[in-house]
Amino acid sequence: MLVALAANLVIAAAKAVGGLAASSPALLSEAAHSVADSLNEVFLLAALRRSRRPPDRRHPFGYGKERFFWSLLAAVGIFVMGGCFSFYQGIDALRKGSEEHLSGYIAGLIVLGVALLAEGGSLLRALYQVRKQGGRGRGLRDPALRTVVAEDGTAVVGVTLAIVGMVLHMVTGQVVWEAAASLAIGVLLVYVAYRLGRDARDQLIGEAADPEASARIRELLRAQPEIDSVEALFTMKTGLDTLLVAARVDLAPGLDSERVEEVAVRIKRSITSAFPEAEQVFLDVTDRGSKEAREARESPAATGERGGA
């Protein structure tokens with residue numbers, strides 16, 4: 001990660017110098033893109049380190065959501081520093097036009113060519129890491145890795161757009177091509193920032209386990225001979241590989257208090273054994289006919305309906 005950060009800073013500086021020398025809006029947009037990527041890698045380093053801290057008294061469920069918070073900041077950085085600046089460069093180029101400096105453009109294209117090779121290699125490494133962690137479905141659950149893949153992918157596309165815009169500007173003498181490339185880079189970055197920010201928001205608010213995992217947990221509970229019915233099941237991701245499980249169950253009649261405690265401990269152990277990510281498991285034993293049980297059965301979380309204003 002530190003090597004990638006240093007490489008991004010060098011690429012950003014080269015793009016900025018080339019963009020200023022050639023007065024190229026597309027190259028300046030890519031310079032802002034690289035600066036945003038560098039800042040985001042700082043955020044991701046913080047996320048990786050801070051999310052590994054163990055639970056404490058202030059945060060009994062751990063610091064797993066730190067990854068989601070820093071990923072949200074990375075999305076904001078992509079939007080503000082990359083997308084907005086690219087829009088500004090494109091609009092400003094259309095409004096003012098720009099003078100051609102052929103030597104500057106050639107140097108800028110060389111910088112972009114080197115950047116394309118570097119970003120392409122980084123993207124291949126990130127995709128290999130995704131495959132190593134279980135493929136697209138499982139590997140991209142990590143918000144840090146998902147952000148890296150998104151950054152590298154947009155960097156490759158952005159550099160390609162900038163090269164095309166600059167070449168067409170040189171061939172036709174029309175700055176509109178570079179302006180269009182800058183605007184296209186801006187649209188791309190804003191879209192990626194929106195997708196990353198939406199995912200981080202969902203996870204920060206408190207996202208439930210995927211439906212398949214929830215169904216398996218419910219079936220495991222129903223399979224217990226002492227459980228008469230599962231009135232409600234609540235799950236929430238507390239980190240990348242950690243899960244909170246809370247269930248309200250109705251036990252079979254005739255169990256004394258000591259037996260209930262033994263059964264509860266055994267059921268919790270069976271859940272954590274089948275689902276290692278379930279670090280926190282809570283069982284609430286209720287009477288099936290009680291008001292709490294009826295409310296649990298009718299709640300949006302229990303029925304699968306969407307609630308809230």
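A separate point is the sheet that holds strand 2 (residues 243-251). Here three strands make up an open sheet; going across it, the order is 1-2-3 and the pairing mixed. Each edge of the open sheet carries a strand with a single partner, namely strand 1 (227-237) and strand 3 (278-285). The average undirected angle you get between the axes of adjacent strands in this sheet is 20°. Running at roughly 150° to strand 1, helix 8 (residues 211-222) makes contact with strand 1, strand 2 and strand 3 of the sheet. Helix-sheet contacts for helix 9 (residues 257-274) involve strand 1, strand 2 and strand 3, and the interaxial angle to strand 3 is about 150°.

As a further point, take the pattern of salt bridges. In a structure, side chains of opposite charge can pair up when their charged atoms sit close to one another. Scanning the entire structure with this criterion turns up eleven salt bridges. The salt bridge partner of R201 is D202, with a shortest N-O separation of 2.8 Å. Given the relative accessible area of 44%, R201 is considered partly exposed. D202 gets classed as partly exposed once you look at its relative accessible area, which sits at 27%. Each member of the salt-bridge network shares a partner with another, and the members are E226, R259, E262 and R266.

In this section: the environment of M166. Secondary-structure assignment places M166 in helix 6 (residues 143-172). Owing to a relative accessible area of 0%, M166 belongs among the buried residues under this scheme. For the pair M166 and G108, spaced 58 residues apart in sequence, the C-alpha to C-alpha distance is 8.7 Å.

What follows concerns the confidence of the model for the chain. It should be kept in mind that the predicted coordinates are not to be read in detail where pLDDT is low. For the chain, mean pLDDT is 79; residues scoring 70 or higher make up 85% of the total. Confidence drops under pLDDT 50 across residues 289-309; counting only partners more than four residues distant or on other chains, this segment forms 24 contacts.

Turning to the packing of helix 8 against helix 9, a few remarks are in order. In the contact formed by helix 8 and helix 9, the axes pass within 11 Å of each other and the chain directions differ by 145°. Here the hand of the crossing between helix 8 and helix 9 comes out right-handed. Counting all contacts with helix 8, which are made through R216, L220 and L221, the residues of helix 9 involved are I267, S270, I271 and A274. Class assignment of the residues belonging to the contact of helix 8 with helix 9 gives a composition of five nonpolar, one polar and one charged.

Counted by the stated rule, this structure contains three aromatic pairs. Judged by centre distance (5.7 Å) and plane angle (40°), the ring pair of F43 and W70 falls under tilted. Placement of the pair is F43 in helix 2 (residues 25-50) and W70 in helix 3 (residues 66-96), with a sequence separation of 27 residues. You'll find F43 and W70 in the same group, each marked buried. Centre to centre, the rings of F69 and W70 are 5.3 Å apart; their planes meet at 75°, and the pair counts as edge-to-face. By the ring-pair criterion, three or more aromatic residues cluster together here, those being F43, F69 and W70. In this structure, R53 is placed above the aromatic ring of Y63, and the distance from its NZ or CZ to the ring centre is 3.7 Å.

Reading the values: rules and limits
Residues numbered from 1 in each chain as written. Predicted model: local features only at pLDDT ≥ 70, side-chain atom pairs only at ≥ 80, totals over all residues. Heavy atoms only, no water. Pairing = 2+ DSSP bridges. Helix = DSSP H or I, 4+ residues; strand = E, 2+ residues; numbered from the N terminus. Axes fitted to C-alpha atoms, helices over the stretch in contact; angles between N-to-C directions. Contact = heavy atoms within 4.5 Å. Salt bridge = Lys/Arg side-chain N within 4 Å of Asp/Glu carboxyl O. Buried < 20%, exposed > 50% of the residue type's maximum accessible area, 1.4 Å probe, protein only. pLDDT = per-residue confidence, 0-100. Left-handed = near helix turned anticlockwise from the far one by under 90°. Nonpolar A, V, L, I, M, F, W, Y, C, P; charged D, E, K, R; others polar. Phe/Tyr/Trp six-rings, centres within 6.5 Å; stacked < 30°, edge-to-face > 60°. Lys NZ or Arg CZ within 6 Å of the ring centre and 35° of its normal.

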